[in-house]
Amino acid sequence: MTMASFDPAFIQLGYVTADIDSAIAYFTRTAGISEWLRWPDVAVEKVVDGTVTRSKLDLAMAWRGSTMLELIRPVSGAIGIYNLRVTGNSPVNLHHIGHGVPGDEAAFERNLETMAAAGHPVALVTRNEFGNYALVDSRATTGLYTEYLWGRTKGNALFESIPRNQIFYQAIA
């Protein structure tokens, strides 16, 4: 059975932060992103190195044009993959670039196999009622993780509920 999938384009910039309110204020000031979907205390079950782990995250998401920004504040549990790299006074660190996977669930799995064969192993994968999400370890070539997203109906509905902010340009303050 083929399920709805996320747009196969580059769709997401995922940032890690220690202070989600400061990160939101930063993007509001520098990019005009004032409307966010806040999702605190998200319980995430994922497979890391073949072991089922759990973590709690605070999330905030917003669209700016066709790109979604995802802010991740690791709270507890298996959160090591969300290491913060302190860089000056920045309230955020770019963690991953997300791509939608077109097609059915088997296409998602084939994509992960292809990336692993190319030397980019799966760092974590989540499969739930929202869809399948995987972080592939592409840090050796890009300095970042690459996320692949394949959505079920509930996941697509979540993405559609994320506020869409107008694009405008201003000088970074």
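Conventions and cut-offs
Residues numbered from 1 in each chain as written. Predicted model: local features only at pLDDT ≥ 70, side-chain atom pairs only at ≥ 80, totals over all residues. Heavy atoms only, no water. Helix = DSSP H or I, 4+ residues; strand = E, 2+ residues; numbered from the N terminus. Buried < 20%, exposed > 50% of the residue type's maximum accessible area, 1.4 Å probe, protein only. Areas by Shrake-Rupley, 256 points an atom, 1.4 Å probe, with all protein chains shown as cover. Arc of directions from axis to C-beta. Core = buried A, V, L, I, M, F, W, Y, C linked by side-chain atoms within 4.5 Å. Contact = heavy atoms within 4.5 Å. Expected span 1.5 Å × (residues − 1). Salt bridge = Lys/Arg side-chain N within 4 Å of Asp/Glu carboxyl O.

Participant: Could you give an account of the overall build of the protein chain, naming the residues involved and the relevant values?
Facilitator: Looking only at helices and strands, the protein chain features 4 helices and 9 strands. For the protein chain, the α and β elements follow one another from N to C terminus as β-α-β-β-β-β-α-β-β-α-β-α-β. Across the 173 residues of the protein chain, 45% fall into the buried class. Of the roughly 8,800 Å² of accessible surface on the protein chain, a fraction of 55% belongs to carbon and sulfur atoms.

Participant: Please provide a residue-by-residue account of helix α4 (residues 153-161), values included.
Facilitator: Burial in α4 covers these residues: G155, N156, L158 and F159. For α4, the angular spread of buried residues about the axis comes to 155°, placing them on one side. When the buried face of α4 is taken as reference, the exposed residues oriented beyond 90 degrees from it are T153 and E160.

Participant: Please give an account of the nonpolar core that cites residues and values.
Facilitator: Counting 14 residues, the largest nonpolar core has Y15, F27, I33, W36, L69 and L71 as the members making the most contacts within it. For this core, the elements supplying multiple residues, two or more each, are β1 (10-16), α1 (20-31), β3 (51-64) and β4 (67-77). Ranked by residue count, the leading element in this core is α1, at 5 residues. Residues contacting W36, with those up to four places away along its chain left out, are I24, F27, T28, A60, M61, A62, L69, L71 and P163. Grouped together as the second largest cluster of nonpolar side chains are 12 residues, V16, L124, L135 and Y145 included.

Participant: Tell me about unusual backbone geometry, residues and numbers included.
Facilitator: Even without glycine at this site, D41 takes up a positive phi of about 50°. Examined against the element boundaries, D41 turns out to sit in strand β2 (residues 37-48).

Participant: Break down α1 for me, with residues and values.
Facilitator: In this model, α1 (12 residues) spans 16 Å end to end at C-alpha, consistent with the 16 Å of a helix rising 1.5 Å per residue. Buried within α1 we find I20, A23, I24, F27, T30 and A31. The buried side chains of α1 occupy one side of the element, clustering within an arc of 145° when seen end-on. Of the surrounding elements, those touching the buried residues of α1 are β1, β2, β3 and β4.

Participant: Requested: an account of the pattern of salt bridges, with residues and values cited.
Facilitator: Close approach of charged atoms lets side chains of opposite charge pair. Taken as a whole and assessed by the stated rule, the structure comprises 7 salt bridges. One salt bridge in this structure joins R54 and E45, with 2.8 Å as the shortest N-O distance. Taking the relative accessible area as the measure of exposure, R54 reaches 54% and is therefore exposed. Between E109 and R127 there is a salt bridge, with the nearest N and O atoms lying 2.9 Å from each other.

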